[in-house]
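Single-letter residue listing:
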Amino acid sequence: MWTQILFNKVLKHYLQSSTMIKCHQLLRQLHRSSRSSSGISYTKVSSPEAGHNHAPVLFLHGLFGSKMNFNKPAKLLAADLKTDCYCLDCRNHGRSEWRDEMSMIDLAEDIVNFTQEMGLEKVNMVGHSLGGKQACLVSSLYPQLVQSAVIVDIFPVSFSVSHLDNVCAALCLLPLSKIQSRDEASQLLSSQIPSEVERNFILSNLVSVPRKEPGPRWKWRCNIDVITNSIADIRGYPDSTPVSNVRTLFLYGGNSDYMSPARVRRSKELFSNASFQAIEGAGHIVHFEQPELFYDAVRNFFVKYESVSDSKSESFINQSSQETL
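Residues numbered from 1 in each chain as written. Predicted model: local features only at pLDDT ≥ 70, side-chain atom pairs only at ≥ 80, totals over all residues. Heavy atoms only, no water.

Q: Sorry if this is basic, but what is going on with the nonpolar core here?
A: In globular proteins that are soluble, nonpolar side chains generally tend to be buried together. Core analysis: the biggest nonpolar cluster contains 63 residues, and Leu58, Phe64, Leu88 and Met125 have the highest contact counts within it. Per element, the largest residue contribution to this core is six residues, and it comes from helix 4 (residues 104-118). When near neighbours in sequence (up to four residues on either side) are disregarded, Phe64 contacts His93, Val167, Cys168, Leu171, Phe201, Ile202, Ser204, Asn205, Cys222, Ile224 and Ile227. The next biggest cluster of nonpolar side chains, apart from the first, holds 24 residues, and it includes Val45, Leu81, Cys85 and Phe302. (Core = buried A, V, L, I, M, F, W, Y, C linked by side-chain atoms within 4.5 Å. Buried < 20%, exposed > 50% of the residue type's maximum accessible area, 1.4 Å probe, protein only. Helix = DSSP H or I, 4+ residues; strand = E, 2+ residues; numbered from the N terminus. Contact = heavy atoms within 4.5 Å.)

The following block contains the structure:
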């Protein structure tokens, strides 16, 4: 019996400790998945200490990605910045609605409509690849909505017939009625998609169908047909967009094929307040290949921006006070 009494005392002490309190606060972190009225599926993460010192952050995934790609950095950033983070599924991806249209303008307007539905007057954005292009367009066409943006391994330019076309063709030809596992699917795609990291990323969209249902045992979570039909527009970019003054960080993989001096020059022309940073040891999927370096760069960018804004506000207040006196 005395052992039970001792155990109860130790447990009570642990429950009152600061470590347990922090764990409890983390468990209280709001983490909800929903779908907006316009059909965009999203996950919202809020800090238990939400002071909302920063504008909310929207995480936008790349082609064949999903909102789950940014779950971890969203949780960390919500806690560090004490703000809300939203991870969105692009149309025709994840749990968002499937639609026949998928132009870059459509995708940019999806973001604007989402912010209006959520009542967000100002946002920060983190967009990878296709999501980065979305963020670029929103920053150019609706600069009043965007406080700052991180564009991950993509640039606001059009890409010629590329690897993406080959990927789409390979996915359309994958015999879903015959494959028995993701490993088999990976092997079948290996010649067209040599990178194992990229194959695993894409095959996260391949989901099994219960045996009791008729038809193939596997299906795509994303709308492969519409994506394939829209690929020319997706790898393109509008020829004439307004120059954006939104503070923007172009964050790219040190080993990425998407990086080139010409694309950097074009980005500087379209984004007058742009900076550039390489993540060494990463290719195109930066947040998968170097997650810690990726998160540190994103966090530091937002924290530095807020510090600069605060110092400017304080300087203005002090100056106004002196003039009043």
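Don't stop here, the text continues.
Q: Please clarify how the confidence of the model for the protein should be interpreted in this entry.
A: Keep in mind that low pLDDT regions are not for reading the predicted coordinates in detail. For the protein, the average pLDDT comes to 85, and 82% of its residues sit at 70 or higher. Predicted confidence is poor over residues 1-30, with pLDDT under 50, and the contacts of this stretch with residues over four places away or in other chains come to 15 contacts. Here residues 308-325 is a poorly scored stretch, pLDDT under 50, and it has zero contacts once near neighbours within four places are set aside; other chains count. (pLDDT = per-residue confidence, 0-100.)

Q: Explain the environment of Asp106 to me, please; I cannot follow it from the model alone.
A: You can see Asp106 is positioned in helix 4. In this structure the C-alpha to C-alpha distance between Asp106 and Arg91, which are 15 residues apart in sequence, comes to 9.2 Å. Non-local contacts of Asp106, meaning those with residues more than four positions away in its chain, are made with Arg91 and Glu101.

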